[in-house]
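Coordinates in review
So you can see what is in the structure, the chains are spelled out below.
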Amino acid sequence: MLDDTRFGLDRHATLPGPLRLDGGALLSPIDIGYETYGTLAPDGGNAILVCHALTGDQHVASISPVTGKPGWWTRLVGPGKPIDPARHFIICANVLGGCTGSSGPATVNPATGKPWGMSFPVITIRDMVRAQAMLLDHLGVETLAAVIGGSMGGMQALSWSATFPDRVRAAVVIASAARHTAQNIAFHEVGRQAVMADPKWRGGDYYADGDPPAAGLAVARMAAHITYLSEAGLTEKFGRRLQTGSAKSFGFDADFQVESYLRHQGISFVDRFDANSYLYITRATDYFDLAEEHGGHLANAFRESKARFCLISFDTDWLYPTSESRAIVHALNAAGAPVSFVELNSPFGHDAFLLDSPGMNRVIDGFLRAGA
Ligand SMILES: CC(=O)SCCNC(=O)CCNC(=O)[C@H](O)C(C)(C)COP(=O)(O)OP(=O)(O)OC[C@H]1O[C@@H](n2cnc3c(N)ncnc32)[C@H](O)[C@@H]1OP(=O)(O)O
Ligand SMILES: N[C@@H](CCO)C(=O)O
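From a predicted model like this one, the values you see are computed outputs, not experimental measurements.

1. Examining the site of ligand 1
In the neighbourhood of ligand 1, 21 residues make up the surrounding shell, with Arg221, Lys237, Ser260, Tyr261 and His264 lying closest. For ligand 1, an oxygen atom lies 3.0 Å from a polar atom in the backbone of Ala53. One of the side-chain N or O atoms of Lys237 is found 2.4 Å from an oxygen atom in ligand 1. Protein coverage of the free-state accessible area of ligand 1, which is 1000 Å², stands at 66%. Broken down by class, the residue content of the shell around ligand 1 amounts to seven nonpolar, nine polar and five charged. Formed jointly, the shell around ligand 1 draws a minimum of three residues from each of two domains, domain 1 (3-181 + 288-370) and domain 2 (184-282).

2. So, the environment of Leu19
On the secondary structure map, Leu19 appears in strand E2 (residues 19-20). Spatially, the C-alpha atoms of Leu19 and Arg179 are 23 Å apart, while their sequence positions differ by 160 residues. When residues no more than four places from it in sequence are discounted, the contact partners of Leu19 are Ala25, Leu26, Leu27, Ile30, Leu96, Asp127, Arg130, Ala131 and Met134.

3. Details of the environment of Asp274
Following the sequence through the fold, Asp274 ends up in the loop between helix H6 (257-270) and helix H7 (275-287). A residue is classified by how much of its surface remains accessible, and Asp274, at 10% relative accessible area, is buried. For the pair Asp274 and Thr100, spaced 174 residues apart in the sequence, the C-alpha separation amounts to 9.2 Å. Other than its neighbours up to four places away in sequence, Asp274 contacts Cys99, Pro105, Ala106, Tyr206, Tyr207 and Leu217.

4. Points about the sheet that holds strand E12 (residues 339-344)
Reading across from one edge, E1-E4-E6-E5-E9-E10-E11-E12 is the order of the eight strands in this open sheet, with mixed pairing throughout. If you trace the sheet from one side to the other, it starts and ends with strand E1 (9-15) and E12, each paired once. Between one strand axis and the next, the sheet turns by 20 degrees as a mean value, whatever way the strands run. Inspection of the sheet shows strand E4 (residues 30-37) paired to strand E6 (residues 89-93) by four bridges, in the antiparallel sense.

5. Section: the site of ligand 2
The environment of ligand 2 is made up of Ala53, Leu54, Thr55, Ser151, Arg221, Tyr228, His350, Asp351 and Leu354. His350 places a side-chain nitrogen or oxygen 3.0 Å from an oxygen atom of ligand 2. Burial of ligand 2 by the protein amounts to 94% of the accessible area it has alone, namely 250 Å². When its residues are assigned to classes, the shell around ligand 2 shows four nonpolar, three polar and two charged.

6. Topic: the UniProt feature "active site" (unreviewed entry) in the protein
UniProt's feature table lists "active site" (unreviewed entry) at Ser151, Asp317 and His350, given in the numbering used throughout. Of the residues just listed, which span 200 residues, no C-alpha pair is farther apart than 10.6 Å, and they cluster in one region. Residue position: Asp317 is located in the loop between strand E11 (308-314) and helix H8 (322-335). Residue contacts for Asp317: discarding those within four places in its chain leaves Ala175, Gly349 and His350. Within the local environment of Asp317, its side chain forms a polar contact with the backbone nitrogen of Leu319, the two atoms lying 2.9 Å apart. Its location among the elements puts His350 in the loop between E12 and helix H9 (358-370).

Cut-offs used in this document
- Just so you know, the residues in each chain are numbered from 1, in the order the chain's sequence is written.
- The order in which chains are written sets their letters, starting at A; the order in which ligands are written sets their numbers, starting at 1.
- The model is predicted, so local features are restricted to residues of pLDDT at least 70 and side-chain atom pairs to those at 80 or more, both for listing and for counting; the totals for chains, interfaces and linings are taken over all residues.
- Derived side-chain values reflect all non-hydrogen atoms in the structure, with water molecules and hydrogen atoms excluded from consideration.
- We call a residue near a given molecule or strand whenever any one of its heavy atoms falls within 4 Å of it.
- In protein, a polar contact means a hydrogen-donor-capable atom and an acceptor-capable atom, both N or O and within 3.5 Å, with residues adjacent in sequence counting only if both atoms are side-chain atoms; elsewhere, any N or O pair within 3.5 Å suffices.
- For the area figures, the Shrake-Rupley method with a 1.4 Å probe applies, and any residue is considered shielded solely by the protein chains shown.
- Think of it as three bins: nonpolar holds Ala, Val, Leu, Ile, Met, Phe, Trp, Tyr, Cys and Pro, charged holds Asp, Glu, Lys and Arg, and polar takes everything else, Gly as well.
- An automatic or database domain assignment supplies the residue ranges for each domain.
- A helix here means a DSSP run of H or I that spans at least four residues, while a strand means a run of E at least two residues long, and both kinds are numbered starting from the N terminus.
- Contact between two residues is taken to exist if any of their heavy atoms lie within 4.5 Å; hydrogens are not considered.
- Exposure is judged per residue with a 1.4 Å probe applied to protein chains only, and the accessible area is read against the type maximum: over 50% gives exposed, under 20% gives buried, and values in between give partly exposed.
- Strands are treated as partners if at least two bridges between them are detected by DSSP.
- Axes here mean lines fitted to C-alpha atoms, for a helix over just the part in contact, with angles spanning 0 to 180 degrees between N-to-C directions.
- UniProt positions are given in the numbering used here, feature names are shortened, and annotations may be inferred rather than shown by experiment.

Written as structure tokens, this is what we have:
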């Protein structure tokens, strides 16, 4: 029995595997970087798996050793919060393909002794989930009181309930979708091409001299970051305002605040993320189509599920709009699965799930307590 009451314990597991990936490859061993918070109850009934989004990590509620900043969901996870280490045993793992401790393109291929680079096998959301299931086996966690995530984290929560229906009692899916649309794939492809067009990418073989394709990755992040915001939010924050004290350069400096903001988002991203990981993880989300995995009918994905579901969307999220959540709700209804659904107002677009949202916290708190 785990007896870990320290808040935010940074851990690492090397699991023997093998893990058979959707693409056919066998991966072994499998490294997982993860954190735990709180203590597993004697009956094992209080485990909550928090799944991170595209560029997140396992440091959900502790100081990130990479950025030195507080974790990305301290608004929701922590003492006195809806997910509380005093009540829950909280697990958050870096996804397979990630770059903060889990096996991915930047880790060493044991067969060659060199970083995998682009020889790392292509992975899917379901592969990420299977790797997490191996981690739970390793931790002695049989069933999850809840699995929760926003965006790509929500995809993992959906995939968990479909892949391991007996292991999930509740799933919270926020600002997410059951498949990537053509527009979602299109934006990701722009980002990938930006990375690959950077001469420093060199087919993904850039680890040895520590000179990654930073310019390409920064452009990829700038384009992607626009999709995480809303027009209203950008207008409110920056409008057409120029940088303080500056006039138009009549050149191509970052005259507008929004330009400088996006450049900042791009530059700070390359300090914390691996370009090849970006390729692999965006690919995994592009391939995600839960209906396709279940004979073309989304409801089929949930027929075996024993879970209660909570779906939350944001009205200004045009990346994974409310219509995508509604499609999931309809499928859950068709499958006879219990589901609550709420669309919340927010000016902040897709990334609203990472920002202050008292409504979101209230809904999640009520939903989790109802099942306790
Ligand atoms: C989901 C997961 O699993 S984890 C991954 C989530 N994390 C991220 O995506 C990180 C990047 N994303 C963001 O920053 C997202 O917008 C959020 C939602 C997480 C944070 O939003 P907010 O708190 O509103 O921050 P905001 O978007 O305004 O960005 C603030 C940063 O922009 C900088 N900034 C603001 N205006 C300007 C400007 N005109 N010029 C240059 N920089 C600017 C700030 O100085 C600040 O910099 P810092 O982050 O280095 O301290
Ligand atoms: N901005 C978040 C959400 C993207 O879906 C991230 O980068 O992970």
